[in-house]
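# Understanding the architecture of this molecule
Residue-level listing of the chains:
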Amino acid sequence: MQTIGKKNKWSLRDVIFLAIIAIFFGIIYQVWSYAYYALAATPLKPYANDLTLGVWIMAGPLAGILLKKIGATVIGELLAAAVEMLLFSSWGAATLISGFIQGIGNELGFAATGYKNWDKTGLLFSTIGATIVTFIWDWFQSGYSAYHVSLLLTLLVIRFISIGFFAGVLVYWIKQLVEKTGLMS
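Presented here is an overview of the structure given in this document. Counting from 1, residues in each chain are numbered in the order their sequence is written. Under the rules for a predicted model, residues below a pLDDT of 70 receive no local features and side-chain atom pairs below 80 are neither given nor counted, while totals for whole chains, interfaces and linings still include all residues. Only hydrogens and water are set aside when side-chain values are computed; all heavy atoms of the structure are taken into account.

### Section: the overall build of the chain
In this text, helices come from DSSP runs of H or I with a minimum length of four residues, and strands from runs of E with a minimum of two, each type numbered from the N-terminal end. For the chain, the helix and strand inventory stands at seven helices and zero strands. Taken from N to C terminus, the helices and strands of the chain fall in the order α-α-α-α-α-α-α. Radius of gyration: over C-alpha atoms. The globule rule applied is 2.2 Å multiplied by the number of residues raised to the 0.38 power. Relative to the compact-globule value of 16 Å for 185 residues, the chain shows a C-alpha radius of gyration of 16 Å, a close match. By its C-alpha atoms, the chain is 50 × 30 × 25 Å across when sized along the principal axes. Each residue is placed in one exposure class: buried if its accessible area under a 1.4 Å probe, protein chains only, is under 20% of its type's maximum, exposed if it is over 50%, and partly exposed if it falls in between. Across the 185 residues that make up the chain, the buried fraction comes to 45%.

Written out as structure tokens, the structure is:
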């Protein structure tokens, strides 16, 4: 198990790395919105949000597992959302709210491990936390409460797979690549 080091103090290197993650993913998030709109323009419209959501949740878990700091997932996701918003996101300031909600979901996952596992188990709990928290948010914000139970279950499974792949598996692979470079040692 990996624990929190040095009483969770942030170094200048941590802040710079967090800023790089936020800028990189903010740009990806803005570009990814076109994938969402492409899906939303097809008969897959009811599934577009859940199919694409995993990409929009990548900055938080990546910041968490690379920096191993309490709050890094929320801050990383919120900063990436801010960059996306500043790039003229079609969702405007609501992008910040979504980023915060997504970051909280991820943060709860790492908190469930007592901030002692910043690896596969932490990412699994992060995926579960983000899936549940964002689904509850969409229940109220996006009108999911009007959907039939069968559609809701389908959307929940699709969301979990999307977040699990992009913000779990892919983030883990990115972590392995970053570790090989020696940047985080």
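### As for the pattern of salt bridges
The salt bridge criterion pairs a side-chain nitrogen of Lys or Arg with a carboxyl oxygen of Asp or Glu, the two atoms within 4 Å. Across all of its chains, the model carries five salt bridges by this definition. A salt bridge links Lys 175 to Asp 119, with the shortest nitrogen-to-oxygen separation between them at 3.0 Å. Placement of Lys 175 in helix H7 (residues 149-181) and of Asp 119 in the loop between helix H5 (94-112) and helix H6 (120-141) is noted, with a sequence separation of 56 residues between them. Using a relative accessible area of 3% as the deciding quantity, one classes Lys 175 as buried. A salt bridge links Lys 175 to Glu 179; its shortest N-O distance comes to 3.3 Å. Of this pair, Lys 175 and Glu 179 both sit in helix H7, four residues apart, which is roughly one turn of that helix.

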